[in-house]
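Fold and contact review
Spelled out, the chains give:
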Amino acid sequence: MRAPGEKQTRLKELAQELGLSITTVSRALAGYPDVSGKTRERVMQAAQAAQYVPSRAGRMLVSGRSDFVGMMLPIRGDIVDAFLGVFMTGLADGLAGHRRDLILATVSPGQDQLAVLRHLIDGQRVDALVINRLTRDDARIPFLLKRGFPFVAHGRVLTPTAPYPWVDTDGEKALFNLGNMLMDLGHQHIAVIGPTEPYTYAYFRKRGLMTAVEGRGLTIRPEALLEAQQGDKAATLQTAERLLDLVPRPTAIIGLTDILACAVLEAARRRGISVPDQLSVVGFDDVPIAAYADPPLSTFNQRGGEAAHIVADMIVACLEQGMEAVSPRLIEAEFVSRRSHGPAPSPRAR
């Protein structure tokens, strides 16, 4: 092991020690097939013993790759997107297993996302991209397809113009099942609070719920389908309070994300409305805060860490085999039953 402060072994020194050319050692470390397996193993063992760390700049000169994968990180007001934090951690871990690193490109409110993509691609900063929080007709998909740049989407658009690799959670099925479960518990007055942005995940989740409700001969009033800006805590609380002001008051409110559901819990607590005795509240995402809410929030675990590792594997497959060789993946969400939902209250209790 190298002592603290000891000089880092250089590629030239490693090559001299092995009696090989610098080019051969470099290509062996990069895994090129024109280097024999025996030589590659010898080089790798020597590099490990010397604790040699390849220069990223050197690797780029030899391979033309940065070994960086970019991910866009939207900044939304004063509320941190907890799910993206879980996803980002899983993605970084998954890429590390492939000896690649994650680089974040923040996108501020009002900033042109396509301009951010151009900056990353034209500057050759990354080899591939992960995009998330897709909207129904997300302009990033046709842009990246036209550029022929490798990417994987966490989410879907409604009407894709061409195939592309994506991973998504089946929120439509999850909310269909939730709607039927709540109606089996006697709930007939159901409300929904979703994001103001036209995210596709919100569309699918809402569609699954509406299909379940309409299949039982019930309806959800338009005034019980509200949207809130998740990055604005005060505005989100006001939207939750509007749902509580409805007459008759909903017996169950579904937040299409945990952040929105937690706002409903806080608004109910301010009004002295008991959850779940007088009101059931359910979220979606199962971010860490959900388990510590008061009461602990019933929600759906969309297995963000697992999805992120799948995305990491797909990104590497896109780089090594081409995007056309990578198939989309739809993941089933798992209901996490905690203490924020229960049977519908009697009219007197409400």
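Predicted, not measured: the structure shown is a model, and the values here were computed from it. (Residues numbered from 1 in each chain as written. Predicted model: local features only at pLDDT ≥ 70, side-chain atom pairs only at ≥ 80, totals over all residues. Heavy atoms only, no water.)

1. Digging into the confidence of the model for the protein chain
Predicted confidence across the protein chain gives a mean pLDDT of 88, with 91% of residues reaching 70 or more. The low-confidence segment residues 1-5, where pLDDT is below 50, has five contacts with residues more than four positions distant or belonging to other chains. (pLDDT = per-residue confidence, 0-100. Contact = heavy atoms within 4.5 Å.)

2. Side note on the sheet that holds strand β4 (residues 151-154)
Spatially, β2-β1-β3-β4-β5-β11 is the arrangement adopted by the six strands of the open sheet, whose pairing is parallel. Looking at which strands have only one partner, the edges of the open sheet turn out to be β2 (101-107) and β11 (329-331). Averaged over all adjacent pairs, the angle separating strand axes in this sheet is 20°, with direction ignored. Where β4 and strand β5 (residues 166-169) come together, two bridges link them in parallel fashion. (Pairing = 2+ DSSP bridges. Helix = DSSP H or I, 4+ residues; strand = E, 2+ residues; numbered from the N terminus. Axes fitted to C-alpha atoms, helices over the stretch in contact; angles between N-to-C directions.)

3. Points about empty space enclosed by the protein
Evaluated as defined, the whole model comprises two cavities of 30 Å³ or more. In this model, the second largest cavity occupies a volume close to 130 Å³. Around the second largest cavity, the lining is made up of 13 residues, and of these R133, H154, G155, D168 and Y201 lie nearest the centre. Going through the elements one at a time, β5 and α9 (200-215) are the ones with two or more residues in the lining of the second largest cavity. (1 Å grid on protein atoms, 1.4 Å probe; cavity = no way out; pocket = protein on both sides within 12 Å on 5 of 7 lines; lining within 4 Å. Points joined across faces, edges and corners; volume = space filled by probe spheres on them.)

4. Digging into the environment of D168
With respect to the secondary-structure elements, D168 resides in strand β5. On a C-alpha basis, the gap between D168 and Q302 in space is 8.9 Å, while along the polypeptide they are 134 residues apart. Within the local environment of D168, its side chain forms a polar contact with the side chain of R156, the two groups lying 2.8 Å apart. (Polar contact = N/O pair within 3.5 Å; in protein donor to acceptor, adjacent residues only side chain to side chain.)

5. Notes on unusual backbone geometry
With an omega of -5°, the peptide bond running from V247 to P248 counts as cis. The omega torsion of the bond from V275 to P276 falls at 10°, within 30 degrees of zero and hence cis. Within the secondary structure, P276 sits in the loop between α11 (258-271) and β9 (280-282). Even without being a glycine, R133 presents a positive backbone phi close to 50°. One can find R133 in the loop between β3 (128-132) and α7 (140-147). Look at R133 and you get buried, because its relative accessible area is 13%. The phi angle at R303 is positive, at roughly 55°, despite the residue not being glycine. Along the polypeptide, R303 turns up in the loop between β10 (299-301) and α13 (304-321). On the basis of relative accessibility, which here comes to 27%, the residue R303 falls in the partly exposed class. (Buried < 20%, exposed > 50% of the residue type's maximum accessible area, 1.4 Å probe, protein only.)

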